[in-house]
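# Report on the structure
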Amino acid sequence: SVLMTYDHIEITFSDMEPMPDAFKGTKKGSVFLTPYRVIFVSKGKDAMQSFVMPFYLLKDCEIKQPVFGANYIKGTVKAEAGGM
């Protein structure tokens, strides 16, 4: 079941070596929050059409509230063993 949906979301990937082309740049789309994972679905034609983040793979999450900018969440997502 979907608990919440947010549109007009931007996601950026960093600290990856090597950085695959599908993860480069800022992706825009929607986020769906379920009881077990966060699902990002990109808007338009993009090499990365969706990205799934199970809660048990999210580490070091921080909520940032800059004075002159939009609030955002920053954290690390570990790759699942055998995942693609």
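See above for the structure.
A few points on the structure. These figures come from a predicted structure and were not determined experimentally.

### A short note on the overall build of the protein chain
Within the protein chain one finds zero helices and six strands. Secondary structure elements of the protein chain occur, N-terminal to C-terminal, as β-β-β-β-β-β. What you see for the protein chain is a C-alpha radius of gyration of 13 Å, in line with the 12 Å of a compact globule of 84 residues. By principal-axis analysis of the C-alpha atoms, the protein chain measures approximately 35 × 30 × 30 Å.

### Notes on the packing of aromatic side chains
Under the definition given, this model contains three aromatic pairs. On the basis of an interplanar angle of 85 degrees and a centroid distance of 4.8 Å, the ring pair of Phe 13 and Phe 23 is categorised as edge-to-face. Of the two residues, Phe 13 is situated in the loop between strand S1 (4-12) and strand S2 (26-33) and Phe 23 in the loop between S1 and S2; the sequence distance between them amounts to 10 residues. Pair check on accessibility: Phe 13 and Phe 23 agree, each one buried. Aromatic side chains Phe 23 and Phe 51 sit 6.0 Å apart centroid to centroid with 90 degrees between the ring planes, which places their arrangement in the edge-to-face category. Of this pair, Phe 23 sits in the loop between S1 and S2 while Phe 51 sits in strand S4 (residues 50-54), placing them 28 residues apart in sequence. Note on Phe 23: relative accessible area 19%, which makes it buried.

### Quick look at the nonpolar core
With nine residues, the main nonpolar core is built from Ile 11, Phe 13, Phe 23, Val 31, Val 38, Phe 40, Met 48, Phe 51 and Met 53. Looking at this core, the elements that each hand over two or more residues are strand S3 (37-42) and S4. Every residue in contact with Phe 51, bar those within four places of it in the chain, is listed here: Phe 13, Phe 23, Val 38, Ile 39, Phe 40 and Val 77.

### What about the side chain of Lys 27?
If you trace the backbone, Lys 27 turns up in strand S2. Exposure remark for Lys 27: the relative accessible area of 5% places this residue in the buried category. Within the structure, the side chain of Lys 27 is placed 3.3 Å from the side chain of Asp 46, a separation counted as a polar contact. Here Lys 27 is in contact with Ile 9, Glu 10, Ile 11, Asp 21, Ala 22, Phe 40, Asp 46 and Met 48, once residues within four sequence places are set aside.

### Some details on the pattern of salt bridges
The full count for this structure, using the stated rule, is four salt bridges. Across the salt bridge formed by Lys 28 and Glu 10, the nearest N and O atoms sit 3.9 Å from each other. With Lys 28 in strand S2 and Glu 10 in strand S1, the pair connects residues that are 18 residues apart, well separated along the chain. For the pair Lys 28 and Glu 10, a shared accessibility class is recorded, and that class is exposed. Across the pair Asp 21 and Lys 24 runs a salt bridge whose closest N-O atoms are separated by 3.2 Å.

Rules behind the numbers
- Sequence order sets the numbering: in each chain, residues are counted from 1 along the sequence as written.
- Reporting in this predicted model follows two pLDDT cut-offs: at least 70 for local features of residues, and 80 or more for side-chain atom pairs to be given and counted; totals over whole chains, interfaces and linings ignore these cut-offs and use all residues.
- Hydrogen atoms and water are omitted, and side-chain values are computed over all heavy atoms in the structure.
- Counting from the N terminus, the helices are the DSSP runs of H or I reaching at least four residues and the strands are the DSSP runs of E reaching at least two.
- With the radius of gyration taken over C-alpha atoms, the globule rule is written as 2.2 Å times the number of residues to the power 0.38.
- Two rings from Phe, Tyr or Trp (for Trp, the six-membered ring) form a pair when their centres are within 6.5 Å of each other. A pair whose planes differ by under 30 degrees is stacked, one over 60 is edge-to-face, and the rest are tilted.
- The cut-offs for exposure are 20% and 50% of the maximum accessible area for each residue type, with area from a 1.4 Å probe on protein chains only; residues under the lower value are buried, those over the upper are exposed, and the others partly exposed.
- Residues enter a nonpolar core if they are buried and are Ala, Val, Leu, Ile, Met, Phe, Trp, Tyr or Cys, with the set joined through side-chain atoms within 4.5 Å.
- By the convention used here, residues are in contact when the closest approach between their heavy atoms is within 4.5 Å.
- N or O atoms within 3.5 Å of each other form a polar contact, as long as, within protein, one can give a hydrogen and the other can take it, and as long as residues adjacent in sequence are counted only when both atoms are side-chain atoms.
- By definition here, a salt bridge exists when the distance from a side-chain nitrogen of Lys or Arg to a carboxyl oxygen of Asp or Glu is within 4 Å.

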